[in-house]
Amino acid sequence: MRCHEVDYEIIGHDIQLVEVELDPHETVIAEAGAMNYMEQGIDFATKMGDGSDPDQGVMSKLFSAAKRKLTGESIFTTHFTNTDNQKRKVAFSAPYPGTIVPLNMAQFGEKIICQKDSFVAAALGTKISITFNRKLGAGFFGGEGFILQTIEGDGMAFIHAGGTLVKKELRGETLRVDTGCIVGFTNGIDYDIQRAGNLKSMIFGGEGLFLATLSGHGTVWLQSLPFSRFADRIFENAPSHGGSDQGEGSILGGLGRMVDGD
């Protein structure tokens, strides 16, 4: 086995975190800023890239870091190592409400393709890189563009889904999905973009101009609340951008808008 073996526990329901238990000298890697708490005996160090190849040279590390930068992630990952002589725990949380998905990579062909901001943490030895979608439609209209994140390894990895997680097993079928609702999929899934119905549906349907299509044989993970949708809703209702600072469904909220002349 290439990756370190780590034990874990998912804590919480709607806003989850993952608590990883490390044996002496075991290491887990995580996105910068994902750590929630850690016990005595855990040391951490920030390193360029994911550390999956400790023998790579400086130029290779720079190239790996540059590829991570293209996905919008930090060029650094943080390595948490248990330097004590007994088991110790470190916990990581996602940046917004949702579900943390534990993945035993050995059970999924040792490769998962996912949204660029879904990775939370993984056992040391896991490779985090990017993949380019070769289809122009998916590149221009797929929400994530040509660039998706690839996680490779044979140990545990943890990704994040906004809201509720939905897992689908495709056996040659095609699934049409809102482009922002895709969390990840296995290597046997073909990802493309198609127009969302006729012109009237595209303009007035409220589902966007394009939908993602996922087809083939493999596993797909979907999220009920993409961060972009969550952020847009907050932005639309912010007082500084035309929203109301009163209760939207309350009598006082309506009276407040009348007094303000709304």
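Relevant structure appears above.
Everything quoted here is computed from the prediction, not taken from an experiment. (Residues numbered from 1 in each chain as written. Predicted model: local features only at pLDDT ≥ 70, side-chain atom pairs only at ≥ 80, totals over all residues. Heavy atoms only, no water.)

Explain the pairing of strand β17 (residues 210-223) to me, please; I cannot follow it from the model alone.
Look at any regular strand and the pattern is simple: side chains alternate between the two faces of the sheet. Most of β17 is tucked away: 12 of the 14 residues are buried. Pairing of strand β14 (residues 165-178) with β17, which is carried by 12 bridges, proceeds in the antiparallel orientation. Directly across from leucine 170, in β17, lies its bridge partner glycine 218. Two elements, strand β16 (residues 189-195) and β17, share seven bridges in a ladder whose sense is antiparallel. (Buried < 20%, exposed > 50% of the residue type's maximum accessible area, 1.4 Å probe, protein only. Helix = DSSP H or I, 4+ residues; strand = E, 2+ residues; numbered from the N terminus. Pairing = 2+ DSSP bridges.)

Is there a simple way to explain the pattern of salt bridges in this structure?
Side chains that carry opposite charge are capable of pairing whenever their charged atoms lie near each other. Here the structure, examined in full by the defined rule, presents seven salt bridges. For the salt bridge of glutamate 19 with lysine 89, the shortest nitrogen-to-oxygen distance reads 3.6 Å. Note that glutamate 19 is positioned in strand β2 (residues 17-22) and lysine 89 in strand β7 (residues 88-93), a separation of 70 residues in sequence. A relative accessible area of 11% means that glutamate 19 is categorised as buried. Taking the shortest distance from any N to any O, the salt bridge between aspartate 84 and arginine 88 comes out at 2.8 Å. A single network of salt bridges, built from pairs that share partners, joins Glu21, Asp23 and Lys87. (Salt bridge = Lys/Arg side-chain N within 4 Å of Asp/Glu carboxyl O.)

Is there a simple way to think about the sheet that holds strand β1 (residues 7-11) in this case?
Hydrogen bonds along the backbone pair up the strands of a sheet, which may run parallel or antiparallel. Strand order across the open sheet formed by four strands is β1-β2-β7-β4, with antiparallel pairing between neighbours. The sheet is open, and its two edges are formed by β1 and β4 (35-38), each paired on a single side. Pairs of neighbouring strands in the sheet enclose a mean axial angle of 20°, with direction left out of account. Relative to β7, β2 is paired through six bridges, and the arrangement is antiparallel. Bridging across to β7, leucine 22 finds its partner in arginine 88. (Axes fitted to C-alpha atoms, helices over the stretch in contact; angles between N-to-C directions.)

Help me understand the packing of aromatic side chains in this model?
Here the distance between the centres and the angle between the planes together describe a pair of aromatic rings. With the rule as written, the count across this model stands at five aromatic pairs. When the ring of tyrosine 8 is compared with that of phenylalanine 158, the centres are 5.2 Å apart and the planes differ by 70°; the resulting orientation is edge-to-face. With tyrosine 8 in strand β1 and phenylalanine 158 in strand β13 (residues 156-162), this residue pair connects regions lying 150 residues apart in the sequence. Overall, tyrosine 8 belongs to the partly exposed group, its relative accessible area being 36%. Geometrically, the ring pair formed by phenylalanine 108 and tryptophan 221 is edge-to-face, given 5.1 Å between the ring centres and 70° between the ring planes. A residue pair is termed long-range when its members are at least 10 positions apart, and phenylalanine 108 in the loop between β8 (98-104) and β9 (111-114) and tryptophan 221 in strand β17 qualify at 113 residues. There is no split in this pair, since phenylalanine 108 and tryptophan 221 are both buried. An aromatic cluster is built from Phe44, Phe80 and Phe92, whose rings are joined through pairwise contacts. (Phe/Tyr/Trp six-rings, centres within 6.5 Å; stacked < 30°, edge-to-face > 60°.)

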